[in-house]
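Here is how the chains run, residue by residue.
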Amino acid sequence: MEYSEMLKKLKILLSNDFNCAPEDFEKTENVIVPSALKEGRRMYESEKTFFRMATLGKNAVITADERIFPFLREYVKDKAGYWLFEQPHTVVIEKELNKYGYTLTHSHHLYLPSKETNPKGSFTVKWYCGYEEIKPFYGDKRFPNAICEQYMPERPDTIAVCAFDGEKIMGMAGCSEDAPGWQQIGIDVLPEYRSMGLGTYLVTLLKNKISESGDIPFYGTGIANFHSMNIAVNCGFKSVWIEINSKKLP
């Protein structure tokens, strides 16, 4: 699938996540809409979000509880959307959310594949597909990023690929179908096997397999996780959008 086509599909996906129109992400002015649970969204929440914000580099699109609309409209009206993700602004937003018992979560950079890449290196790998084959790895503390902590039917782990040193697992890349046709990739490499190019090797293998199936692979990193960012870039991914969400305070 061409990158331009994936970008169109991404805007449709985000419009389901944010209860807005796909073209809202192309505007220059910031957009604020009430939160909703729309069909086709990524299945991260079973309740409507209190606050969630995303940018593709121009404006910010915010879906939120209508109780904070007056604050949001006044605060974001004269600000460039992409700057709202910087700490001076997130601190102000956090303070407002706290009044209602909510706090911001981490900011995430998210990536789409922008070019074809082939795995470089030579590792022995084994593939695991579907619940029955992935099931033995649930609860394994070595793989917090590659697969979910437990089976989640709303966004199931679909494929995992492991590299082996003899009988010992060196690392795992896995993906979960967070929305229909959208597979998010995660990677874990055991400490003694890092700096060997293994993370890039496994993520490239998995990215290519997902693309061959017709689904769209995507990848996310923390805002300062440069090691993970470098894996994304080396695998042919391009940084496309940033998101920040909220959750209830303990």
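Residues numbered from 1 in each chain as written. Predicted model: local features only at pLDDT ≥ 70, side-chain atom pairs only at ≥ 80, totals over all residues. Heavy atoms only, no water.

## What about unusual backbone geometry?
Here the phi dihedral of Asn19 falls at roughly 55°; this positive angle occurs in a residue that is not glycine. Relative to the elements of secondary structure, Asn19 occurs in the loop between helix H1 (3-18) and strand E1 (31-34). The phi dihedral of Ser195 falls on the positive side, at around 65°, and the residue is not glycine. With respect to the element layout, Ser195 can be found in the loop between strand E8 (182-189) and helix H5 (198-213). (Helix = DSSP H or I, 4+ residues; strand = E, 2+ residues; numbered from the N terminus.)

## Some words on the sheet that holds E1
The strand order across the open sheet built from 10 strands is E1-E3-E2-E10-E4-E9-E8-E7-E6-E5, with neighbouring strands paired in mixed fashion. Strands at the two margins of the open sheet, each flanked by one partner only, are E1 and strand E5 (124-129). Strand after strand, the sheet turns through a mean of 25° between neighbouring axes, direction not considered. Judged from the four bridges that link them, E8 and strand E9 (residues 216-222) form a sheet pairing that is parallel. Looking at E9, one finds that Trp182 is bridged to Ile216. Along the sheet, helix H3 (residues 87-98) makes contact with strand E2 (51-55), strand E4 (102-113) and strand E10 (237-248), crossing E4 at roughly 130°. (Pairing = 2+ DSSP bridges. Axes fitted to C-alpha atoms, helices over the stretch in contact; angles between N-to-C directions. Contact = heavy atoms within 4.5 Å.)

## Here's the deal with the environment of Lys115
Structurally, Lys115 can be placed in the loop between E4 and E5. Counting along the chain gives 37 residues from Lys115 to Asp78, while the straight-line C-alpha distance between them is 36 Å. Other than its neighbours up to four places away in sequence, Lys115 contacts Lys207 and Gly236.

## What to know about the environment of Asp65
The residue Asp65 is located in the loop between strand E3 (61-64) and helix H2 (69-76) in this model. Once residues lying within four places of it in the same chain are set aside, the contact partners of Asp65 are Ser35, Thr49 and Phe50.

## Section: the side chain of Asp178
One can find Asp178 in strand E7 (residues 168-179). For the buried Asp178, no salt bridge is present, and the opposite-charge side chain at shortest range is Arg155, 4.3 Å distant. Side chain to side chain, Asp178 and Ser176 meet in a polar contact 2.6 Å long. Polar side-chain contacts of Asp178 include one of 2.6 Å to the side chain of Gln184. Once residues within four sequence positions are removed from consideration, Asp178 is found in contact with Arg41, Arg42, Met43, Tyr44, Arg155, Gln184 and Phe218. (Buried < 20%, exposed > 50% of the residue type's maximum accessible area, 1.4 Å probe, protein only. Lys, Arg positive; Asp, Glu negative; His and termini not counted. Salt bridge = Lys/Arg side-chain N within 4 Å of Asp/Glu carboxyl O. Polar contact = N/O pair within 3.5 Å; in protein donor to acceptor, adjacent residues only side chain to side chain.)

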